Amino acid sequence: MSLSATSPLGTGPAAKAPRAQTAGRQEARWVATVAVLLVALLAYFCIAVPDFRDLGVSGILGLSEQFLFTGLIALGEALVILTGEIDLSTGAMSSLSGIVMAALWQQGINIWLAVVLALIISALGGAINGLFVTRFGIASLLVTLGTQFIFGSVATAVGGNAPPYNFPKAFVRLAGTGSVGPIPNELISFAVIAVVVWLLVARTRYGRGLVLIGYNRAAARYAGVNVQRTLFSSFVICGVLAGAAGIFVSGYYNAARDDIGNSLLLPAITVVVLGGVDIFGGKGRMSGVILAVFLLGFLDQGLLIRGNSSLTATMVEGIVLVLCLMLKIALDRRAGVRLKESLQRRFGSARRAAVLPDT
Amino acid sequence: MPLLLVRNKGLRSQGPAATRGHPDRASGGDVDRRPRVGTPRVGTRYEGRSLTKSFDGATVLSQVDITFAPGEVHSVVGENGAGKSTLLKIMAGIYQPDSGQLVLGEERVGGLSPRSAQQLGVYLVPQEPALMQSLSVTENLFVGILRRGRLHFNVDWRSMKQEASAYLDRVGLDVDPEVRAEELSIAQQQLVECARALVHRCTVIYFDEPTSPLTAKEAGTLFEVMKNLRADGYTLGFISHRLDEVLAISDRVTVLRDGKRVSTALRSEVEGPSLVKAMVGRELTGRERVRPPFDATGRKEMLAVEDLTSEPSFAGVSFSVREGEVLGLAGLVGSGRTEIAETIFGLRPSDRGTVRLEGRRLEHRSPRACIDAGLVYLPEDRARHGIFADVEVERNVTAGVIPHLARYGPLVKPVAERDLAKQATDRTGVRMASLDTLIKALSGGNQQRAMLSRWLLAAPKVAIFDEPTRGVDVGAKDDIYHLVAQLAEGGLACVFISSELSELAITCDRVIAMYEGHVVGELSGAEVTDANLGSLIVGAHTI
């Protein structure tokens, strides 16, 4: 098939429209907003909280060890939420992964092999979620609500009443408390994984399909995106990342516990939303999520150091989340107005209608 | 009535027994405790002045004037997409006009909603009855105006039932008012809709293609009802694709074409042929084919479909398309055209049959496999299946060729992607501020150009265009015809699905006609005319 260079549809230069509001710009602005908030937050704590300032660079970086497992879960959760689905089983998956790893190690299996096996178990768990969602068409909210109980109870059963602790030093240092200079090992691992996931979403074919599914699943299918496979694999990746979080958390505390993941799920979803990902899929950037991990994490740690109770810290986080979302909606709406204006300027008094005429 | 910008005095003074403007109704109250006696006020003129309406930037109605007079059946005819339904929906308050006025009696009315239009006495009987299936006929009739009983908190079912029977008699429907709507046939439900208009004291009643789901006998019953209403002085509007019906029932006929009013005439002044001519207009007055006659010699068969079946949508469909040929697929909505296309493209499972591309059988078809093999499908429903509304034009255009965006390594190259999108949109002449514009900000025609760009990027050998000109401007339509012609010239085998017979006639080398899931005929070359197609797609045996 060949086309001549001149087009019968060529209708002159592009219309002179006002600078249109684009999805990219809107997303980028939110990422910038989160970054500014993060800097402002750190500045506030450094100025107003002497204990925080006295930690120094390495101390402050060290604080990240307390919340990066949440961040790992958030990275996986973001993939699933970008498609418009949700995974509520990630917390339980973390518990299960940590327990399985510890139990295998207790049985005399090499710790690194145990880590790999635990990650495989996590992938299988994610595959079960994905299978129910894609194959049987059950809403992911319900599927993962169910599997969360399954994973959690399996973790309790495997762990028994005396979960293992005191892992080999090499493992604890790499996964938990060790550091390279001022930078904790956990932060390095997180950074590597975050960059990989970011590239996955922003720059790969897979990520492109993932996001398009979130915007319009039917249209993605008509455009040739393999919707089932993409959804399925997003659950698998989410499971593996949740499993990895479970291993890091076990390494950090040098103990595995069957309920350790329970407290990680909701903060992880909070981070994803705070990072600018639309809970209904499509819109959002991984860079925003990555920044939000630190925003929420440092907020929490900073408040604790300031002397607030964890109760207060949780409340403040809730308030910040709501305020941030209001800010985001305000920013987006302002953009929306501009879009409407530009539409009107271009099409006269055209109203925006979602339906096509069925004359 | 907060929704209405109407000064209601005139209506009230004319109105019977304060049907309108009653406090209960005015406050939107759901219960009406007044006794209902007497006949509703009939004899209202209802007028639309300079009505204009566009959707997504495509003008579907432009400066249309129309007057519906009491005691008359006024038919609106025109081709698909001429704006008939849109016009009636504006009159009935379902759509808001972009500009223009509605005048009921002597009063201007504005800001109508379906509910406020009903309160003013305007009712639209939809093409498919929209009754609440699990409620009784009585409940359906009185929904919104339930009668209050003596105790003021109960509902007076008995009087409503009696009244329902009376109204059902009026429309010649002999069913128990207690029966649930789902137990009625479509024709009976249609009549219930009609009775509903009467129960709501509506005197301006519109029928939007009411006969398309009915048999000839059922349609006859409906016409009797319409004639009785006309005799009682009701103001009636009617849309139908069947010209014989229009000629049989109408007192006045308005012809719309491409959203404009072509003519309004008394029934006695029009005849079948002149009406058809007015409807299709330019096509009959020498509208040119957009491409020269097709010569099949030496042209390879690109797509061959054999005995393709997917019950209950269609069965035993076979056809083939050659290199550089444009094959039309004609048929009414529901004849299985889109289903065939979607089955070929792997979006629906098939019961049996084969699809061959360049002689090679496509098994386990999926959209991706088809695209990679050189077969693309431009879907009919652009908003739902085509565009990603909140995504930039660039990514909309490249969405069909994602695997090719990262040919050398795992990562998409943004620069290469932009180049591809730029080339493709230049080819089809998408008018936009930049490739970063959200596609929903484009007009219908430009959105469709972007969709065409998407599939040109896939370098297809066979393309199925499903209603490619739906919801686009007249100008963009022409461009799309020429683009299809040009693509065929370049060797692309095209399947062109359309409800507009005139566009099939000017673009296609050969047309197969579908009727209720079966191929009922094939026309080629000079036989491809509106008239020949028209008789085929309505099932020649019914004429």
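Thresholds, definitions, all that
Residues numbered from 1 in each chain as written. Chains lettered and ligands numbered in written order. Predicted model: local features only at pLDDT ≥ 70, side-chain atom pairs only at ≥ 80, totals over all residues. Helix = DSSP H or I, 4+ residues; strand = E, 2+ residues; numbered from the N terminus. Buried ≥ 20, exposed ≤ 12 C-beta atoms within 10 Å, placed from the backbone. Contact = placed C-beta atoms within 7 Å. Expected span 1.5 Å × (residues − 1). Pairing = 2+ DSSP bridges. Axes fitted to C-alpha atoms, helices over the stretch in contact; angles between N-to-C directions.

**Some details on the overall build of chain B**
So, step 1. Of the regular secondary structure elements, chain B holds 19 helices and 22 strands.
So, step 2. Per-residue burial for chain B yields a buried fraction of 50% across its 543 residues.
So, step 3. Look at the contacts in chain B between residues 6 or more apart in sequence, and 70% of them connect residues 24 or more apart.

**Remarks on the overall build of chain A**
So, step 1. Tallying secondary structure elements over chain A gives 15 helices and two strands in all.
So, step 2. Out of the 359 residues in chain A, the part that is buried amounts to 47%.
So, step 3. Sequence separation of at least 24 residues holds for 78% of the intrachain contacts in chain A that already meet a minimum separation of 6.

**What to know about helix H6 (residues 111-135) of chain A**
Residue pairs spaced three or four apart in an α-helix point in one direction, given the helix's 3.6 residues per turn.
Residue and element names in this part refer to chain A.
So, step 1. Spanning 25 residues, H6 covers 35 Å between terminal C-alpha atoms, matching the ideal 36 Å at 1.5 Å per step.
So, step 2. Every buried residue of H6 is accounted for by Ala114, Val115, Ala118, Leu119, Ile121, Ser122, Gly125, Gly126, Asn129, Gly130, Val133 and Thr134.
So, step 3. Residues of H6 that are buried sit in contact with helix H5 (90-106), helix H7 (140-159) and helix H12 (227-253).

**Some words on the sheet that holds strand E2 (residues 46-55) of chain B**
All names here are of chain B.
So, step 1. The strand order across the open sheet built from four strands is E3-E2-E5-E6, with neighbouring strands paired in antiparallel fashion. Each of the sheet's edge strands pairs with one partner strand only, and the pair in question is strand E3 (58-68) and strand E6 (107-109). Here the strands of the sheet are splayed against their neighbours by 30° on average, with no regard to which way each runs.
So, step 2. Across the sheet, helix H3 (residues 84-91) is in contact with E2, E3 and strand E5 (99-104); its angle to E2 comes to roughly 120°.

**What to know about the sheet that holds strand E14 (residues 314-322) of chain B**
Residue and element names in this part refer to chain B.
So, step 1. If you walk across this open sheet you meet the four strands as E14-E13-E16-E17, and the pairing is antiparallel. The open sheet has two free edges, formed respectively by E14 and strand E17 (360-361), since each of these has just one partner strand.
So, step 2. Summarising the sheet, strand E13 (residues 301-310) and strand E16 (residues 352-357) pair through five bridges and their orientation is antiparallel. Looking across to E16, one finds that Thr309 is bridged to Arg352.
So, step 3. Where helix H11 (residues 337-344) meets the sheet, it contacts E13, E14 and E16, and its direction lies at approximately 115° from that of E13.

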